[in-house]
Amino acid sequence: MSGTLMRMAGPTVVAEGLSGASLNEVVRVGEERLLGEIIRIEGDRATIQVYEETAGLALGEPVEASGEPLAVELGPGLLGSVFDGVQRPLSELAAREGDFLGRGASLPALDRTRAWEFEPAVAPGDRVEGGARLGVARAPGAPDHPVVVPPGVTGRVAEVRGGARRVDEPAVLLEGGATLALLERWPVRRPRPARRRLPPDVPFLTGQRVLDCFFPVSAGGTAVVPGGFGTGKTVLEQSLAKWAAADVVVYVGCGERGNEMSEVLDEFPRLEDPRTGGPLLARTVMIVNTSNMPVAAREASIYTGCAIAEYFRDMGRSVALMIDSTSRWAEALREISARLEEMPGEEGYPTYLASRLARFYERAGRVETLGGAEGAVTMVGAVSPPGGDLSEPVTQCSLRATGALWALSADLAHRRHYPAVDWSVSFTLEGDRLAGWFEREAGDGFGALRDEARKLLQRERELAEVAELVGTESLQDAERLVLESARLLREGFLRQSALDPADATCPPAKAFEMLRLFLEWHRRAGAAVGAGVPLRSILDTGLGARLLRLAQLPAAEVPGAAAALRADLSEALARLEAE
Ligand SMILES: Nc1ncnc2c1ncn2[C@@H]1O[C@H](COP(=O)(O)OP(=O)(O)O)[C@@H](O)[C@H]1O
Ligand SMILES: [Mg+2]
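Residues numbered from 1 in each chain as written. Chains lettered and ligands numbered in written order. Predicted model: local features only at pLDDT ≥ 70, side-chain atom pairs only at ≥ 80, totals over all residues. Heavy atoms only, no water.

The name given to the protein in UniProt is V-type ATP synthase alpha chain, and the organism recorded there is Anaeromyxobacter dehalogenans. Quoted verbatim from the Function field of UniProt, the annotation for the protein is "Produces ATP from ADP in the presence of a proton gradient across the membrane. The V-type alpha chain is a catalytic subunit." Turning to the protein, the UniProt annotation filed under Sequence similarities states: "Belongs to the ATPase alpha/beta chains family." (UniProt positions renumbered as here; feature names shortened; annotations may be inferred.)

With that settled, consider the domain arrangement of the protein. You can read the domains of the protein as domain 1 (2-69), domain 2 (111-182), domain 3 (196-381 + 394-403) and domain 4 (446-578). Taking the mean C-alpha position of each, domain 1 and domain 2 sit 35 Å from one another. (Domains from an automatic or database assignment.)

Our next topic: helix H5 (residues 295-313). Taking 1.5 Å per residue as the helical rise, H5 with its 19 residues ought to reach 27 Å, and the 28 Å between its terminal C-alpha atoms agrees with that figure. Counting buried residues in H5 gives 19 out of 19 residues, a clear majority hidden from the surface. (Helix = DSSP H or I, 4+ residues; strand = E, 2+ residues; numbered from the N terminus. Expected span 1.5 Å × (residues − 1). Buried < 20%, exposed > 50% of the residue type's maximum accessible area, 1.4 Å probe, protein only.)

Right, let's talk about the site of ligand 1 for a bit. Residues in close proximity to ligand 1 include Gly228, Phe229, Gly230, Thr231, Gly232, Lys233, Thr234, Val235, Tyr418 and Ala498, which together make up its full environment. At 3.0 Å from an oxygen atom of ligand 1 is found a main-chain nitrogen or oxygen belonging to glycine 232. Contact between ligand 1 and valine 235: an oxygen atom at 2.8 Å from a main-chain N or O atom of the residue. Across the complex, the protein chains shield 72% of the 560 Å² of accessible surface that ligand 1 would expose by itself. The residue inventory of the shell around ligand 1, partitioned by class, reads 4 nonpolar, 5 polar and 1 charged. (Near = heavy atom within 4 Å. Polar contact = N/O pair within 3.5 Å; in protein donor to acceptor, adjacent residues only side chain to side chain. Areas by Shrake-Rupley, 256 points an atom, 1.4 Å probe, with all protein chains shown as cover. Nonpolar A, V, L, I, M, F, W, Y, C, P; charged D, E, K, R; others polar.)

Once that is clear, we can look at the nonpolar core. Core analysis: the biggest nonpolar cluster contains 85 residues, and Phe214, Phe268, Trp406, Phe493, Trp521 and Ile538 have the highest contact counts within it. When sequence neighbours within four positions are dropped, the list of residues in contact with phenylalanine 214 reads Arg209, Trp423, Thr428, Arg450, Ala453, Arg454, Leu457, Phe493 and Leu494. Formed by 73 residues, the second largest nonpolar core is a distinct cluster that contains Ala137, Ala297, Leu357 and Met379. (Core = buried A, V, L, I, M, F, W, Y, C linked by side-chain atoms within 4.5 Å. Contact = heavy atoms within 4.5 Å.)

Let us now look at unusual backbone geometry. With the exception of glycine, most residues fall at negative phi, and the peptide bonds are largely trans. Each neighbour pair has its own omega, and for aspartate 324 with serine 325 the value is 0°, a cis peptide bond. By secondary structure assignment, the location of serine 325 is in the loop between strand S22 (318-324) and helix H6 (326-339). Cis peptide bonds are those with omega within 30 degrees of zero, and the linkage from tyrosine 418 to proline 419 qualifies with -10°. Phi at asparagine 24 takes a positive value of approximately 65°, unusual for a residue other than glycine. Positionally, asparagine 24 belongs in the loop between strand S2 (12-16) and strand S3 (25-29). One non-glycine residue, arginine 416, lies in positive phi territory at about 55°. Inspection of the secondary structure puts arginine 416 in the loop between helix H9 (410-414) and strand S26 (427-428). Judged by its relative accessible area of 57%, arginine 416 falls in the exposed class.

Attention shifts here to a nonpolar patch on the surface. Residues Val466, Leu469 and Val470 make up a contiguous nonpolar surface patch of roughly 310 Å² in combined accessible area. Relative to the helices and strands, leucine 469 is located in helix H11 (residues 446-470). (Patch = residues over 30% accessible without salt bridge, like charges linked within 9 Å, V, L, I, M, F, W, Y side chains within 5 Å. Salt bridge = Lys/Arg side-chain N within 4 Å of Asp/Glu carboxyl O.)

A few words on the packing of H5 against H6. For the pair H5 and H6, interaxial distance at closest approach is 8 Å and the crossing angle is 130°. As the angle between them shows, H5 and H6 are arranged oblique. Considering only the axes of H5 and H6, their crossing is left-handed. Judged by residue contacts, Val295, Ala296, Arg298, Glu299, Ile302 and Tyr303 of H5 engage Arg328, Trp329, Glu331, Ala332, Leu333, Glu335 and Ile336 from H6. Taken together, the residues of the contact of H5 with H6 break down into 8 nonpolar, no polar and 5 charged. (Axes fitted to C-alpha atoms, helices over the stretch in contact; angles between N-to-C directions. Parallel < 35°, antiparallel > 145°, perpendicular 65-115°, else oblique. Left-handed = near helix turned anticlockwise from the far one by under 90°.)

This part takes up the sheet that holds strand S4 (residues 34-42). Pairing is antiparallel in the closed barrel, where 6 strands are placed in the order S1-S2-S5-S4-S3-S6. Neighbour-to-neighbour, the strand axes of the sheet open up by a mean angle of 45°, direction not taken into account. Sheet topology places strand S1 (residues 2-9) next to S2; 5 bridges connect them, and they run antiparallel. Bridge pairing links methionine 8 to valine 13 in S2. (Pairing = 2+ DSSP bridges.)

Side chains that differ in charge, positive against negative, can pair when their charged atoms come close. Summed over the entire model, instances satisfying the criterion amount to 39 salt bridges. For aspartate 84, the salt bridge goes to arginine 88, with nearest N and O atoms at 2.8 Å. Across the pair glutamate 513 and arginine 566 runs a salt bridge, and its minimum N-O distance is 3.9 Å. One end of the pair, glutamate 513, is in helix H13 (residues 508-530); the other, arginine 566, is in helix H16 (residues 558-578), with 53 residues separating them in the sequence. Here glutamate 513 matches arginine 566 in class, with each residue buried. One salt-bridge network, held together by shared partners, links Glu68, Glu73, Arg112, Asp168 and Arg185.

Right, let's get into the UniProt feature "binding site: ATP" in the protein. Annotation from UniProt places "binding site: ATP" at Gly227, Gly228, Phe229, Gly230, Thr231, Gly232, Lys233 and Thr234. Inspection of the secondary structure puts glycine 227 in the loop between strand S19 (222-226) and helix H3 (233-243). Taking the relative accessible area as the measure of exposure, lysine 233 reaches 6% and is therefore buried.

Turning to helix H12 (residues 477-494), a few remarks are in order. Given 3.6 residues to a turn, an α-helix orients residues that are three or four positions apart in the same direction. If you check H12, its first and last C-alpha atoms are 24 Å apart, about what 18 residues at 1.5 Å a residue would give, namely 26 Å. For H12, the complete set of buried residues consists of Leu481, Val482, Leu483, Glu484, Ser485, Ala486, Leu488, Leu489, Arg490, Gly492, Phe493 and Leu494. On its buried face, H12 sits against helix H2 (209-214), H11, H13, helix H14 (535-540) and helix H15 (543-549).

Along the chain, alanine 364 falls in the loop between helix H7 (353-361) and strand S23 (365-368). In sequence terms alanine 364 and alanine 309 are 55 residues apart; their C-alpha atoms lie 9.3 Å from each other. Contacts of alanine 364, omitting those with residues within four sequence positions, involve Arg197, Gly220, Gly221, Thr222, Val377 and Met379.

The strand order across the open sheet built from 4 strands is S10-S13-S15-S16, with neighbouring strands paired in antiparallel fashion. If you trace the sheet from one side to the other, it starts and ends with strand S10 (127-129) and strand S16 (179-181), each paired once. The mean inter-strand angle of the sheet, taken between neighbouring strand axes irrespective of direction, is 45°. Direction of pairing for S10 relative to strand S13 (residues 154-160): antiparallel, over a ladder of 3 bridges. When the sheet's bridge partners are listed, valine 128 is paired in S13 with glycine 155.

Structure below.
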C-alpha cells in the first residue's frame with residue numbers, strides 16, 4: 001500500500017492515502033525509502049516517526065506501508081554486534097558508507113554472507129512447537145548458537161537441511177510449507193511469551209558488596225540507578241556487564257553528550273571478559289544511539305534491546321539488559337509527544353510516561369521458557385535526573401515500576417567513595433524473598449549481620465549531627481567508637497575499587513566473612529571500652545588498618561586472614577584489659 005507525504009515536522013511526518021495501515025506498522029518514506037513507524041492513524045492519514053534524518057524530504061513523495069510492525073532479526077551473529085536503535089549494524093554501515101550512517105540504507109541486521117554450520121537435532125516426521133530445539137549453528141570464532149522454533153509455530157518436520165547455511169536460508173521445512181531459517185523476526189514492542197514466570201528467589205549477583213549485601217535484586221528483577229552527571233552510572237553499568245551473573249549482556253546506550261557514545265563504542269570493545277580473558281563484547285550485544293541520531297530511533301532502541309534480551313532468555317540464558325540512560329529515552333518520548341501536540345504532563349513528559357515505563361520493566365523476569373529451560377532477563381536502568389533531584393518524573397515513574405533503587409550520590413562520588421551508592425536512600429523490595437538464599441549460600445546469620453551494619457551506619461549519621469553541634473571532643477569513647485567502626489565499614493566494605501584486581505568483584509561468601517569480622521571488631525572493641533580500656537589504645541593496635549586491607553585479598557585468602565586478625569584482636573584486647 002502506498003500513500004503520499006502531506007506534512008513534515010522534523011522526524012515526524014504525516015502521509016495520506018494509507019487507510020488500511022495499522023498502528024506501529026513499518027513504512028518507507030520518500031524516494032530515499034527512509035525507515036519509519038506509524039504512531040497515529042486518523043482515517044487515511046498516518047503520522048509517522050522517521051528513524052532517519054528527514055532533511056531533504058519533499059511533500060508529495062511516496063510513502064509505502066510494509067504491512068509489518070517494527071521487528072528485529074534474531075539469530076546467530078547477534079553476539080558481538082553493535083547496532084543502532086532500529087538494529088542497523090553500526091560497524092558495517094560505518095565501514096561501507098563512511099563514518100556517518102547512510103540514509104535509507106537497508107543493510108540487514110545479521111550478516112547474509114556468513115556461512116554457519118547447521119547441525120540439526122530434529123528429523124523428518126518429528127512434531128515441533130515454539131521453543132523446541134531444532135539444532136545448533138556453528139561458525140569459526142563464534143559461540144555455539146542454539147536454533148529454536150519461534151514462538152507460535154507448530155508442525156511436523158518435512159525436511160531438514162543441515163550443513164552450511166546462511167542465516168536466512170531455509171534450514172527446516174515443515175509439512176504444509178512453512179520454512180524455518182536460522183534467524184527469526186520478532187516485533188520489538190511485543191513481549192516474547194514464556195511457559196510461566198518463576199518466583200524471584202534467586203539473586204542477580206552483581207559482585208558489588210553494597211548492592212549484593214544491602215540492596216539485592218533477583219535474577220529477572222529490575223533496578224533503577226539514578227545519579228547526577230559524573231556519579232558513576234556508566235562505570236557501574238560496565239562493572240555489572242563484566243562481573244554480574246549474566247551469560248549475555250545487552251547494553252543500550254542513549255548518549256548524554258555528543259561524544260559520549262563514541263567513548264563507549266571505543267571503550268566497551270576493549271573491556272576484557274574476566275571469565276574468558278577474551279573480549280567482553282563476545283557475550284554482548286550493543287545498541288548505541290549517539291545524540292546526533294534521530295530521536296525516534298532512540299525511542300525504539302530500548303525495545304530493540306529488550307526483544308534481543310528475551311530471545312537469549314528463551315535459549316535458557318541469564319541476560320542482563322542495561323540501559324544508560326533511560327532519561328534520554330524519555331526525552332525522545334517527550335519530543336515525539338510534543339510533535340504530536342499531545343497534552344503534556346509533568347515537566348512536559350507525556351502523561352503515559354509512567355505506563356510506558358511500567359510496561360517496559362514488566363518484560364523483565366525469570367521464566368520457564370517455551371522449551372522448558374530456565375532463563376531470565378534482569379534490567380538495570382540508569383536515570384540522569386537534572387541536578388541529581390530524585391523527585392523528577394523519570395526517576396519517580398521508574399521507581400514505581402522497579403524492584404530496587406540504587407541511588408548514586410554526588411557527595412560520595414565527590415569524596416571518591418565508589419561505587420557511590422547512597423546507602424541511606426537506596427532500597428530493595430526483594431530483600432525478604434532473597435533472604436533465604438543468602439542465609440544458605442553466603443553464610444548463616446547474613447541477614448542479622450546486614451541489619452547490624454545498617455544500624456551502625458544509621459548511628460554514625462545521628463552522632464555526626466551531634467558532633468557537628470557540640471564537637472567530636474565532647475563525645476564519649478563508646479560514641480567515638482561508633483564513628484570509627486562506621487568509617488571502617490564504609491571505607492573497607494562499602495567502598496569497592498573497580499581497578500583493584502582482587503576487589504573489582506566480591507563473591508557473597510567473601511562479603512559475609514568481611515562483614516562478620518568488621519562487626520565483631522566493633523562489638524569486641526565496644527566491650528573493651530565498656531571495661532575501661534581507652535579507645536586510643538585500641539586504635540593504636542593498628543588492627544583497623546588490617547581490616548581495611550581485607551577487600552584487596554583474593555576471596556580464597558580471606559578466611560585465613562580473618563582468623564589471624566581475629567586471634568590478634570583477642571590477644572590485643574586481653575592485654576589492654578589486663579593493663
Ligand atoms: N567504581 C569506580 N571506581 C573508580 N572510579 C570511578 C568509579 N565510578 C566512577 N568513577 C569515576 O567517576 C568518573 C565518572 O563516572 P561515570 O560512570 O562516567 O559517571 P556518569 O555516567 O554517572 O556520568 C569516571 O570517569 C571515574 O573516574
Ligand atoms: Mg554516563
